[in-house]
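# Structural overview
Okay, here's what each chain looks like letter by letter:
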Amino acid sequence: MSSSGRLWWMVGPIVGMVWGVVDSVVNHVPVMLGEVGTARAERGVWSQVAEFASLVLDAGWAWAATAVLVGWLVSRHARPASGMLRGALAGGLALAFATAAYYGADVLFDGGAWWGMATRYWLIGSVLLGSPLGVAGALIRLPGPTGVVAALVVPAGAALQMAVLPPPPESLMAEPVRWSIWIAVAVATVLVARGIHSRSAGASPKVHRAAE
């Protein structure tokens, strides 16, 4: 086994820490620019760019996508059962480390205690939700309906959140974020459909040769 294969367990913590820190930093751009007291719609260009990124990074579907991504990454070259176990561990670790890093960065910006009720709540949620999401990421590599359903988890989650809990209307970036996510959902769905077609086309010659 290669060194990269032996270090698969580090993928979740590394991706999670990067995600958590970036999310916290983006949320604090208005603080760094001294625009906290300014209405969201009246802030400068850089704050608006950060607002766009923040509305995406803070979304539940985006955090879920992080766990799915690491599950997909660590399951490469692994057998299905082993891949799912790796995905479960990596997904839980990714969201747990993301939560810890996020609130840790918040403490650096805002002060206060790191080990608060919100931290405990989301750490528990990270383990409970991150593991099955990591398994979903591993299942994407499987052929057939299982892989298709797993590949649609993130697009479906993003669409559901945009329909039920859209970005706050007081933000200038609310509409751009909504349209961007709906377009991304449509593109992802088309790519999944094309993947299904490609797999079916690749399997057809084999079926015909077997029949002969």
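Residues numbered from 1 in each chain as written. Predicted model: local features only at pLDDT ≥ 70, side-chain atom pairs only at ≥ 80, totals over all residues. Heavy atoms only, no water.

## Considering a nonpolar patch on the surface
Together, Leu7, Trp9, Met10, Ile14, Met17, Val18, Val22, Leu89 and Phe97 line one region of the surface with nonpolar side chains, adding up to about 770 Å² of accessible area. A total of four residues in the nonpolar patch trace back to one element, the largest contributor, which is helix H2 (residues 11-27). The topology assignment puts Val18 in helix H2. (Patch = residues over 30% accessible without salt bridge, like charges linked within 9 Å, V, L, I, M, F, W, Y side chains within 5 Å. Areas by Shrake-Rupley, 256 points an atom, 1.4 Å probe, with all protein chains shown as cover. Salt bridge = Lys/Arg side-chain N within 4 Å of Asp/Glu carboxyl O. Helix = DSSP H or I, 4+ residues; strand = E, 2+ residues; numbered from the N terminus.)

## Focus: the layout of surface pockets
Gaps between atoms show up when a probe of the same size as a water molecule is rolled over them. In this structure, the largest pocket occupies an estimated 380 Å³ of space. What lines the largest pocket is a set of 16 residues, and nearest its centre among them are Asp58, Ala59, Gly60, Trp63 and Trp122. Classifying every residue of the lining of the largest pocket gives nine nonpolar, five polar and two charged. (1 Å grid on protein atoms, 1.4 Å probe; cavity = no way out; pocket = protein on both sides within 12 Å on 5 of 7 lines; lining within 4 Å. Points joined across faces, edges and corners; volume = space filled by probe spheres on them. Nonpolar A, V, L, I, M, F, W, Y, C, P; charged D, E, K, R; others polar.)

## Focus: helix H5 (residues 60-74)
Between its first and last C-alpha atoms H5 spans 22 Å; for 15 residues at 1.5 Å apiece the expected length is 21 Å, and the two agree. Taken as a whole, H5 has its buried residues at Trp61, Ala62, Trp63, Ala64, Thr66, Ala67, Val68, Val70, Gly71 and Val74. (Expected span 1.5 Å × (residues − 1). Buried < 20%, exposed > 50% of the residue type's maximum accessible area, 1.4 Å probe, protein only.)

## A few points about the pattern of salt bridges
A full pass over the atoms with the stated rule returns three salt bridges. Residue Arg40 pairs with Glu170 through a salt bridge whose shortest N-O separation is 3.4 Å. One end of the pair, Arg40, is in the loop between helix H3 (29-32) and helix H4 (45-57); the other, Glu170, is in the loop between helix H9 (153-164) and helix H10 (174-211), with 130 residues separating them in the sequence. When its relative accessible area of 26% is taken as the criterion, Arg40 is described as partly exposed.

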